[in-house]
Amino acid sequence: ARNQEKNSFVQLLRQEFREEEQHERAQAMVAGEAKEAAKNDIVARLLREEVQEQEKHGQVVVQSLREEIWQQEKRGQVEDQARREAEATAASARSEAAAAAREARLWGDVVAARTVEEQTRLVQLLREREMHPTA
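The rules behind these values
For every chain, the first residue of its written sequence is number 1, and the numbers climb from 1 along that sequence. In view of the model being predicted, local features appear only for residues whose pLDDT reaches at least 70, and side-chain atom pairs are presented and counted only at 80 or more, with totals across whole chains, interfaces and linings using the full set of residues. Only heavy atoms go into the side-chain values, all of them from the structure, while hydrogens and water stay out. A run of H or I in DSSP counts as a helix once it spans at least four residues, and a run of E counts as a strand once it spans at least two, with each numbered from the N terminus. Two things to know: the radius of gyration comes from C-alpha atoms, and the globule rule equals 2.2 Å times the number of residues to the power 0.38. Summary of the burial criterion: residues with accessible area below 20% of their type's maximum are buried, those above 50% are exposed, and those between are partly exposed, where the area comes from a 1.4 Å probe applied to protein chains only. Working definition of accessibility: Shrake-Rupley area with a 1.4 Å probe, residue cover restricted to the visible protein chains. To qualify as a nonpolar core, a set must consist of buried Ala, Val, Leu, Ile, Met, Phe, Trp, Tyr and Cys residues joined through side-chain atoms within 4.5 Å. An expected span of 1.5 Å times one less than the residue number is assigned to each helix. The contact criterion used is simple: two residues touch if any of their non-hydrogen atoms lie within 4.5 Å. A pair is scored as a salt bridge if a Lys or Arg side-chain nitrogen falls within 4 Å of a carboxyl oxygen belonging to Asp or Glu. The patch calculation keeps residues exceeding 30% relative accessible area without a salt bridge and links them within 9 Å when they carry like charges or within 5 Å when they are nonpolar (Val, Leu, Ile, Met, Phe, Trp, Tyr). A residue counts as positive if it is Lys or Arg and as negative if it is Asp or Glu; His and the chain ends are not included. Every charge is mapped to an atom, namely NZ of Lys, CZ of Arg, CG of Asp or CD of Glu. Axes here refer to lines fitted to C-alpha atoms; in helices the fit is confined to the stretch in contact. Angles between the N-to-C directions go from 0 to 180 degrees. Just so you know how the angles are binned, under 35 degrees is roughly parallel, over 145 roughly antiparallel, 65 to 115 roughly perpendicular, and the rest oblique. Two helices crossing with the near one rotated counterclockwise from the far one by less than a right angle form a left-handed crossing, whereas a clockwise rotation gives a right-handed crossing. Each residue is assigned to one of three groups, with Ala, Val, Leu, Ile, Met, Phe, Trp, Tyr, Cys and Pro labelled nonpolar, Asp, Glu, Lys and Arg labelled charged, and all others, Gly among them, labelled polar.

1. A look at the overall build of the protein chain
Then step 1. The secondary structure content of the protein chain amounts to two helices and zero strands.
Then step 2. Taking 135 residues into account, the globule formula puts the C-alpha radius of gyration at 14 Å, and the protein chain, at 52 Å, lies well above it.
Then step 3. For the protein chain, the spread of C-alpha atoms along the principal axes amounts to about 170 × 20 × 15 Å.
Then step 4. The buried share of the protein chain, taken over its 135 residues, is 5%.
Then step 5. When the accessible surface of the protein chain is split by element, carbon and sulfur atoms take 55% of a total near 12200 Å².

Put into C-alpha cells, the structure is as follows:
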C-alpha cells in the first residue's frame, strides 16, 4: 500500500509538472505572439510614415511641375505677343515703304513731266495724297 501511495504521489507530481510545463509553454507562446504583433505594428507604422513621406514628395514634385508648366505657358504667351508685335511693325513698315515708293514715283513723274500743266497736276495729286493718305 505504501508503494502504491508513493506511485500515486509520483504520478500526481508528474501530472502537475506536465500541466505547469504546458501552462508555461502557452504563456511563452502568447508572449511570443504579442512580441511579433508589436514588431508588426512597428513595421506597419514605419511603412505608413514612408508612404506619407513619398506622398509629400510626390505632391512637391507635382507642384514643381505645375509651376514649370505655368512658367513655360507664360513664356509662350510673351513670345506670341512679341511675334505679333513684330509682325504688325513689319506690316506697317512695308505699308509705309510702299507709300513712300509711290510718292517717289510721283515726284519722279513730276520731274519727268514735259509741260508745266502736267507738273502742276501731279503736284496737286501729291498734295491731295498728303491730305488723304488712303487715296
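We are not done yet, so read on.
2. Concerning the nonpolar core
Then step 1. Listed in full, the six residues of the largest apolar core are Leu106, Val110, Ala113, Leu122, Val123 and Leu126.
Then step 2. Put simply, the parts of the chain that give this core at least two residues each are α1 (2-112) and α2 (116-131).

3. Focus on α1
Since one α-helical turn is 3.6 residues long, residues separated by three or four positions face the same way.
Then step 1. For α1, which comprises 111 residues, the first-to-last C-alpha distance of 162 Å matches the rise-based estimate of 165 Å (1.5 Å per residue) to within 8%.
Then step 2. All of the buried residues along α1 are Gly76, Leu106 and Val110.
Then step 3. Considering only its buried residues, α1 is in contact with α2.

4. Focus: α2
Then step 1. With 16 residues, α2 extends 23 Å between its outermost C-alpha atoms, agreeing within 8% with the 22 Å of an ideal straight helix rising 1.5 Å per residue.
Then step 2. Among the structural elements, α1 are those in contact with the buried residues of α2.

5. What about the pattern of salt bridges?
Then step 1. Counted according to the given criterion, the structure contains six salt bridges.
Then step 2. Among the ionic pairs, lysine 56 bridges to glutamate 53, the shortest N-O distance being 3.9 Å. In this pair, lysine 56 and glutamate 53 are both assigned in helix α1, three residues apart and thus about one turn of the helix distant.
Then step 3. Judged by its relative accessible area of 46%, glutamate 53 falls in the partly exposed class.
Then step 4. Across the pair arginine 83 and aspartate 80 runs a salt bridge, and its minimum N-O distance is 3.0 Å.

6. Description of a negative patch on the surface
Then step 1. Side chains of Glu16, Glu19, Glu20 and Glu24 sit close together on the surface and give a patch of like negative charge.
Then step 2. Relative to the helices and strands, glutamate 20 is located in helix α1.

7. Looking at the packing of α1 against α2
Then step 1. Where α1 meets α2, the axes come as close as 8 Å, and the angle between the chain directions of the two elements is 160°. Comparing their axes, α2 and α1 come out roughly antiparallel. For α1 against α2, the interelement crossing comes out left-handed. The segment α1 lies against α2, with Arg102, Glu103, Leu106, Trp107, Asp109, Val110 and Val111 engaging Gln119, Leu122, Val123, Leu125, Leu126, Arg129 and Glu130.
Then step 2. When its residues are assigned to classes, the contact of α1 with α2 shows eight nonpolar, one polar and five charged.

8. Some details on a nonpolar patch on the surface
Then step 1. On the surface, Phe9, Val10 and Leu13 cluster together into a nonpolar patch covering about 270 Å² of accessible area.
Then step 2. Secondary-structure assignment places phenylalanine 9 in helix α1.

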